[in-house]
Amino acid sequence: MRLTSVIDLIERKRAEQALREAETRYRTLVERIPAVVYVAAVDEAGPTTYMSPQIEALLGYPAQDYVSSPRLWKTLIHPEDRKRAHTEHVRATATGEPFGMEYCFVASDGRVVWVRDEATLIYTESGRPGFWQGIRTDITERRSIEEALQISEKRFRAIIEQLPLSIQILAPDGRTIQVNRAWEELWGVTLDDIADYNILEDHQLVQKGIMTYIQEGFAGERTLIPPVLYDPEETIPDLTSNVGPRRWVRAFIYPVVGEARNIREVILMHEDITGHKRAEEALKQSEELYRTVVEQAAENIFLVDAQTRRVSSQMLRCRLRWLHGRRAQADDALRHRSPRPGERRSEHRARHGGGEEPSRRAAVPAGGRLPGRRGGQRERRALRRQRGHVRRRP
């Protein structure tokens, strides 16, 4: 009897030693992991049995405060997340499913700390809920990166959506993966309407000689595409909502290259120049009409520049051409007429060393004079009298 008691005592001592060693290993493991381990009552208002010391570095309160003040952890939850955390706790307790969510704590120094809280409900031998065993991980840095990324994406999307230029983002295989509002307004279709469209298989671009520029963009080159008149009805019939859908556009295509120097996306930017092209055509037609009217007008037409006050006259131009023709005729007559006696004497003196210079009147044709300044004025007056623009002096 006495020997049996000694053996039981030795075995109990060994079990206790093993338990202490296991607890020490477990505690060392728990207190060295970069997370907070806790054991809490099933009831939300119940006590916290254990809180690992990492909680002090996380929120600024020692672990013992959570054990002595059961409701401390609830008061530290950010006001905006308290209701959501309570709802998740009630749901997990009622269903027995694991608790898991991300929410904020307010640290002792006022910092907002994001945690990922995951806990499992441990049951007793009788099958009743015993306690929650969980782990809280600091995810503040990850959430900050995610928020910065979301802000960047929103900013990028806002810039793309508000650009006046049409933007079409293409996958390396030619499919369209994103467009902006200007693109939809330009062609009168949405991204869902062109789910089967592939720009590398667009026969209209081939016919108009534009496919070569598109292929250069997909090959990794930044390329300026010349103006082209594109008709979406020819490529995607009965989808556009625009009346008169044909558009003159000029474009620029460039690749988006990743860190591995691979082409991730291709950006195609369109500028609608339809109005500019129509204005050019209207101006051309107007100039042709003006030229036809001016050249065929029987009356004199005056144009006055509003800024310089200069007067341009179609009749004056015609008159100057007529005077130029008269002078050309007079010069031609001088070259072919016979010299008069006085001109022969001048030529004879010039040949034999005479001092007298040839008479300037030798340049005047026989029986008349060149229409110089005074002659031109008389001709213009006569023309104006015929038209009734000038009255004779009394």
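Everything in this summary refers to the structure shown in the same document. Computed from a predicted model, the values in this text were never measured in an experiment. (Residues numbered from 1 in each chain as written. Predicted model: local features only at pLDDT ≥ 70, side-chain atom pairs only at ≥ 80, totals over all residues. Heavy atoms only, no water.)

What follows deals with the nonpolar core. Judged by nonpolar contacts, the single largest core of 26 residues is most densely connected at Ile55, Leu59 and Tyr66. Among the secondary structure elements, those contributing two or more residues to this core are strand 1 (36–41), helix 2 (54–59), helix 3 (63–68), helix 4 (72–76), helix 5 (82–95), strand 3 (99–106) and strand 4 (112–123). Excluding its chain neighbours within four sequence positions, the residues that come into contact with Tyr66 are Thr48, Met51, Ile55, Leu59, Tyr61, Leu72, Trp73 and Leu76. (Core = buried A, V, L, I, M, F, W, Y, C linked by side-chain atoms within 4.5 Å. Buried < 20%, exposed > 50% of the residue type's maximum accessible area, 1.4 Å probe, protein only. Helix = DSSP H or I, 4+ residues; strand = E, 2+ residues; numbered from the N terminus. Contact = heavy atoms within 4.5 Å.)

Attention now moves to empty space enclosed by the protein. If you walk through the whole model with that rule in mind, you get 2 cavities of 30 Å³ or more. There is about 300 Å³ of room inside the largest cavity. Lining of the largest cavity is provided by 23 residues; of these, Gln168, Trp187, Tyr197, Tyr230 and His270 occupy positions nearest its centre. Elements with a contribution of two residues or more to the lining of the largest cavity: helix 7 (181–187), strand 8 (223–230), helix 10 (232–235), strand 9 (247–257) and strand 10 (263–272). (1 Å grid on protein atoms, 1.4 Å probe; cavity = no way out; pocket = protein on both sides within 12 Å on 5 of 7 lines; lining within 4 Å. Points joined across faces, edges and corners; volume = space filled by probe spheres on them.)

A few words now on the pairing of strand 4. Summarising the sheet, strand 3 and strand 4 pair through 8 bridges and their orientation is antiparallel. Considered in strand 4, the bridge of Phe99 is made with Ala119. Joining the antiparallel neighbours strand 3 and strand 4 is a turn of 5 residues, in which Gly110 adopts a positive phi near 90°. With 9 bridges connecting them, strand 4 and strand 5 (residues 129–138) associate as antiparallel partners. Along strand 5, the bridge assignment pairs Glu118 with Ile135. Linking strand 4 to strand 5, which pair antiparallel, is a turn of 5 residues; within it Gly127 sits at a positive phi near 90°. (Pairing = 2+ DSSP bridges.)

So, on to the sheet that holds strand 5. Strand order in the open sheet formed by 5 strands is 2-1-5-4-3, and the pairing between neighbours is antiparallel. Unpaired on one side and paired on the other, strand 2 (48–51) and strand 3 mark the two borders of the sheet. Strand-to-strand twist of the sheet, defined as the mean angle between neighbouring strand axes without regard to direction, takes the value 25°. The strands touched by helix 5 within the sheet are strand 3 and strand 5, with strand 3 carrying the most contacts at an inclination of about 155°. The strands that helix 6 (residues 140–162) touches are strand 3, strand 4 and strand 5; relative to strand 4, the one it contacts most, it runs at about 125°. (Axes fitted to C-alpha atoms, helices over the stretch in contact; angles between N-to-C directions.)

Moving on to the pattern of salt bridges. One pass over the full model with this rule turns up 12 salt bridges. Between Arg142 and Glu102 there is a salt bridge whose closest N-O contact spans 2.7 Å. Pair noted here: Arg142 is in helix 6 and Glu102 is in strand 3, with a separation of 40 residues, a long-range link. In this structure, Glu146 and Arg142 form a salt bridge, with 3.1 Å as the shortest nitrogen-oxygen distance. (Salt bridge = Lys/Arg side-chain N within 4 Å of Asp/Glu carboxyl O.)

Let us now look at the pairing of strand 5. Side chains on a regular strand alternate between the two faces of the sheet. Pairing of strand 1 with strand 5 involves 6 bridges; the strand directions are antiparallel. Of the residues in strand 5, the one forming a bridge with Ala40 is Trp132.

Quick look at unusual backbone geometry now. One non-glycine residue, Asp238, adopts positive backbone phi at about 65°. Looking at the element boundaries, Asp238 is found in the loop between helix 10 and strand 9.

A word on the packing of aromatic side chains. Tallying each qualifying case throughout the model produces 3 aromatic pairs. The interplanar angle of 75° and the centroid separation of 5.4 Å between the aromatic rings of Trp187 and Tyr230 together place this pair among those described as edge-to-face. Within this pair, whereas Trp187 is found in helix 7, its partner Tyr230 is found in strand 8, the two being separated by 43 residues in sequence. Of the two residues, Trp187 and Tyr230, both sit in the buried class. Relative to Tyr254, the ring of Phe252 lies with its centre 5.9 Å away and its plane at 35°, an arrangement referred to as tilted. Here the guanidinium or amino end of Arg136 rests over the ring plane of Tyr38, the centre of that ring lying 4.1 Å away. Positioned above the aromatic ring of Trp248 is the side chain of Lys277, whose terminal nitrogen or guanidinium carbon lies 4.7 Å from the ring centre. (Phe/Tyr/Trp six-rings, centres within 6.5 Å; stacked < 30°, edge-to-face > 60°. Lys NZ or Arg CZ within 6 Å of the ring centre and 35° of its normal.)

Another aspect to go through is a negative patch on the surface. A grouping of Glu280, Glu281, Glu287 and Glu288 is seen on the molecular surface, where their side chains present a negatively charged patch. Tracing the backbone through its elements, the reader meets Glu281 in helix 11 (residues 274–296). Judged by its relative accessible area of 41%, Glu281 falls in the partly exposed class. (Patch = residues over 30% accessible without salt bridge, like charges linked within 9 Å, V, L, I, M, F, W, Y side chains within 5 Å. Areas by Shrake-Rupley, 256 points an atom, 1.4 Å probe, with all protein chains shown as cover. Lys, Arg positive; Asp, Glu negative; His and termini not counted. Charge placed at Lys NZ, Arg CZ, Asp CG, Glu CD.)

Take the side chain of Asp81 next. Mapped onto the elements, Asp81 comes out in the loop between helix 4 and helix 5. When near neighbours in sequence (up to four residues on either side) are disregarded, Asp81 contacts Tyr103 and Cys104.

With that out of the way, let us pick up helix 6. The terminal C-alpha atoms of helix 6 lie 33 Å apart, and with 23 residues this matches the ideal 33 Å at 1.5 Å per residue to within 8%. All buried positions along helix 6 are accounted for by Thr140, Arg143 and Ile160. Taken together, the buried residues of helix 6 touch strand 3, strand 4, strand 5 and strand 6 (166–170). (Expected span 1.5 Å × (residues − 1).)

Glancing now at the sheet that holds strand 7 (residues 176–179). Overall, antiparallel pairing links the 5 strands, which are arranged 7-6-10-9-8 in an open sheet. Of all strands in the sheet, those with a lone pairing partner are strand 7 and strand 8, marking the two edges. Going across the sheet, the axis of each strand differs from the next one's by a mean of 25°, ignoring polarity. Sheet topology places strand 9 next to strand 10; 9 bridges connect them, and they run antiparallel. Its bridge partner being in strand 10, Phe252 is matched across the sheet by Met269. In the packing of helix 9 (residues 211–218) onto the sheet, the strands contacted are strand 6, strand 8, strand 9 and strand 10, and the crossing angle to strand 8 comes to about 145°.

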